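Architecture at a glance
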Amino acid sequence: MLGHRCRGVFNTFYVTESKAQDLPVGKADLASAFEQGTLAAQQGAGIGACPYGVQNDSSKFMAWLAGYRCCSK
């Protein structure tokens, strides 16, 4: 479950991404990828732990990265 701050960051990310492109995945899938990124950052994993590829799953990759950045600062 995303905390209040992370929910705000995710919502901003989602609005920005949905305006920039026609998203091939739903909001729930992006929220899941975002949450996975926050968990990876909290556990001290590196960016290389991202299970999504920028070419194959670019939307999920960007969501994961946004979550990672949200909790690694």
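Anyway, here's the lowdown on the structure attached to this text. (Residues numbered from 1 in each chain as written. Predicted model: local features only at pLDDT ≥ 70, side-chain atom pairs only at ≥ 80, totals over all residues. Heavy atoms only, no water.)

What about the overall build of the protein?
If you tally the helices and strands in the protein, you get three helices and zero strands. Its helices and strands in sequence order give the protein the pattern α-α-α, from N to C terminus. Since a compact globule built from 73 residues should have a radius of gyration of about 11 Å, the 11 Å found for the protein is in line with a globular shape. Across its three principal directions, the C-alpha atoms of the protein cover 30 × 30 × 20 Å. Counting across all 73 residues of the protein, residues that qualify as buried make up 33%. For the protein, the share of sequence-separated contacts (at least 6 apart) that also reach a separation of at least 24 residues comes to 62%. Total accessible area on the protein is roughly 4,500 Å²; 51% of this is exposed by carbon and sulfur atoms. The protein carries 7 positive and 5 negative side-chain charges, and their two centres are separated by 11 Å. (Helix = DSSP H or I, 4+ residues; strand = E, 2+ residues; numbered from the N terminus. Rg over C-alpha atoms; globule rule 2.2 N^0.38 Å. Buried < 20%, exposed > 50% of the residue type's maximum accessible area, 1.4 Å probe, protein only. Contact = heavy atoms within 4.5 Å. Areas by Shrake-Rupley, 256 points an atom, 1.4 Å probe, with all protein chains shown as cover. Lys, Arg positive; Asp, Glu negative; His and termini not counted. Charge placed at Lys NZ, Arg CZ, Asp CG, Glu CD.)

Overview of the nonpolar core
Counting 18 residues, the largest nonpolar core has Phe34, Tyr52, Ala63 and Trp64 as its most contacted members. Those elements that place two or more of their residues in this core are helix H1 (4–20), helix H2 (27–42) and helix H3 (58–72). Among the elements that take part in this core, H3 stands out by supplying seven residues, more than any other. Ignoring sequence-local partners within four residues, the contact set of Trp64 consists of Ala33, Phe34, Gln36, Gly37, Ala40, Gly46, Ile47, Ala49, Cys50, Pro51 and Tyr52. (Core = buried A, V, L, I, M, F, W, Y, C linked by side-chain atoms within 4.5 Å.)

Here we look at H1
Here H1 is 17 residues long and its end C-alpha atoms lie 25 Å apart, about the 24 Å a rise of 1.5 Å per residue gives. When H1 is considered as a whole, its buried residues turn out to be Cys6, Phe10, Phe13 and Glu17. Looking straight down H1, one finds its buried side chains confined to an arc of 65°; they lie on one side. Turned more than 90 degrees away from the buried face of H1 sit His4, Arg5, Thr12 and Lys19, all of them exposed. The elements touched by buried residues of H1 are H2 and H3. (Expected span 1.5 Å × (residues − 1). Arc of directions from axis to C-beta.)

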